[in-house]
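If you want the building blocks of each chain, they are given just below.
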Amino acid sequence: MRFKRVLLKLSGEVLSGSNGFGFDFDAVRRIGEEIVEVARSGIQIAMVVGGGNMLRGRELEKLGVERAQADYMGMLATVMNALCLQDVLEKFGVPTRVQTAIEMRQMAEPYIRRRAIRHLEKGRIVIFAAGTGSPYFSTDTAAALRAAEMEADCLLKATKVDGIYNADPKKHPDAVLLHRLTYMEALRRQFEVMDAAAFSLCMENAIPIVVLNILQKGNLKNFLVKGTDTGTIVSAQEDGGA
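The model shown is predicted, which means the values in this text are computed figures rather than measured ones.

Enquirer: Just give me the short version of the packing of aromatic side chains, but keep the residues and values in it.
Expert: Overall, the coordinates contain three aromatic pairs when judged by the stated rule. Ring centres of Tyr111 and Phe128 lie 5.5 Å apart, and the angle between their planes is 80 degrees; on these two criteria the pair is classed as edge-to-face. Taken together, the residues span a long stretch of sequence, with Tyr111 in the loop between strand S4 (109–110) and helix H4 (113–121) and Phe128 in strand S5 (residues 125–129) at a distance of 17 residues. Assigned by exposure class, Tyr111 and Phe128 land together as buried. Just above the ring of Tyr111 sits the side chain of Arg146; from NZ or CZ to the centre is 3.8 Å. When the ring centre of Phe128 is taken as origin, the NZ or CZ atom of Arg146, which lies over that ring, is 5.8 Å away.

Enquirer: Explain the sheet that holds strand S6 (residues 154–159) to me, using residue names and the numbers behind them.
Expert: Strand order in the open sheet formed by nine strands is S4-S3-S5-S2-S1-S6-S10-S11-S9, and the pairing between neighbours is mixed. Every other strand in the sheet has two partners, leaving S4 and strand S9 (180–182) as the edge strands with one partner each. Strand direction decides the pairing type here: strand S1 (residues 5–10) and strand S2 (residues 44–49), joined by six bridges, are parallel. Across the sheet, the residue bridging to Leu7 is Ala46, located in S2. Where helix H1 (residues 25–40) meets the sheet, it contacts S1, S2 and S5, and its direction lies at approximately 150 degrees from that of S2.

Enquirer: Could you give an account of the packing of H1 against helix H3 (residues 67–91), with specific residues and numbers?
Expert: Where H1 meets H3, the closest approach of the two axes is 9 Å, and the angle between their N-to-C directions is 60 degrees. The orientation of H1 with respect to H3, classified from their angle, is oblique. Classified by chirality, the crossing of H3 by H1 is right-handed. On H3, the residues touching Phe25, Val28, Arg29, Gly32, Ile35 and Val36 of H1 are Cys84, Leu85, Val88 and Leu89.

Enquirer: So, the pairing of S2: which residues are in play, and what are the values?
Expert: Of all six residues in S2, six are buried; the element is thus mostly enclosed. Every second residue of S2 is oriented toward a common face, with Gln44, Ala46 and Val48 on one face and Ile45, Met47 and Val49 on the other, all of them buried. After leaving S1, the chain enters H1 and then returns to the sheet as S2, a path that is right-handed. Pairing analysis gives three bridges linking S2 to S5, with the strands arranged parallel. Bridge pairing links Val48 to Phe128 in S5.

Enquirer: Give a detailed account of unusual backbone geometry, specifying residues and quantitative values.
Expert: Trans is the common state for peptide bonds, and a negative phi is the common state for residues other than glycine. For Ala130, which is not glycine, the phi dihedral falls at a positive 70 degrees. Residue placement: Ala130 occurs in the loop between S5 and helix H5 (139–149). Its identity as a non-glycine residue notwithstanding, Tyr136 has a phi of 75 degrees, on the positive side.

Criteria and thresholds
Residues numbered from 1 in each chain as written. Predicted model: local features only at pLDDT ≥ 70, side-chain atom pairs only at ≥ 80, totals over all residues. Heavy atoms only, no water. Phe/Tyr/Trp six-rings, centres within 6.5 Å; stacked < 30°, edge-to-face > 60°. Helix = DSSP H or I, 4+ residues; strand = E, 2+ residues; numbered from the N terminus. Buried < 20%, exposed > 50% of the residue type's maximum accessible area, 1.4 Å probe, protein only. Lys NZ or Arg CZ within 6 Å of the ring centre and 35° of its normal. Pairing = 2+ DSSP bridges. Contact = heavy atoms within 4.5 Å. Axes fitted to C-alpha atoms, helices over the stretch in contact; angles between N-to-C directions. Parallel < 35°, antiparallel > 145°, perpendicular 65-115°, else oblique. Left-handed = near helix turned anticlockwise from the far one by under 90°. Right-handed = clockwise from strand over helix to strand, strands pointing away.

Pasting the structure below:
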């Protein structure tokens, strides 16, 4: 088995499927089913979910909402996504716990590192919501932080794109998919797939970052369970080593 424990960073946009906003439950169920298959293979899964299918703090800031307030609103969007994912995963028969960085005990556990690790050891999926609990930090940074705290073997960023390209493929049809990158190269070239703080945290803790398209059926299972190379791996060495 390639990895024992992974931190899956799920962007909010993938939950909206082709709708562009809110939830596409067909897409959510398909993603959930694949996550469950990976969990049943024996891999421990912790997750951080974004809120981009609901709202983004930075977009609210552009509309005049004060930055910290906008970020807190974005954190609440991630909680809604986490609860939705919990419901889907448990309907597939896998026990799931949501832990939030901002306490809301009526619906989720507060984030407690040792309790989260214990859940993982018992075969439960743990979803971390509300980012870091502080404004000015992205959910990518929260994912890198939780990956370090959970001692994850890799941070897997599941998005709508196939990996990291040398240019924006929407603007440049001839853009080339980069299969291997070092942390320093990713930071130097300022790839927008993750922010600099997240890259730096992973580099400091030697946590490989994998970027792949979760909307392509089988990608997640093929990479984690079957060991198929897909997407982009960012690590300390160009050959993909940690």
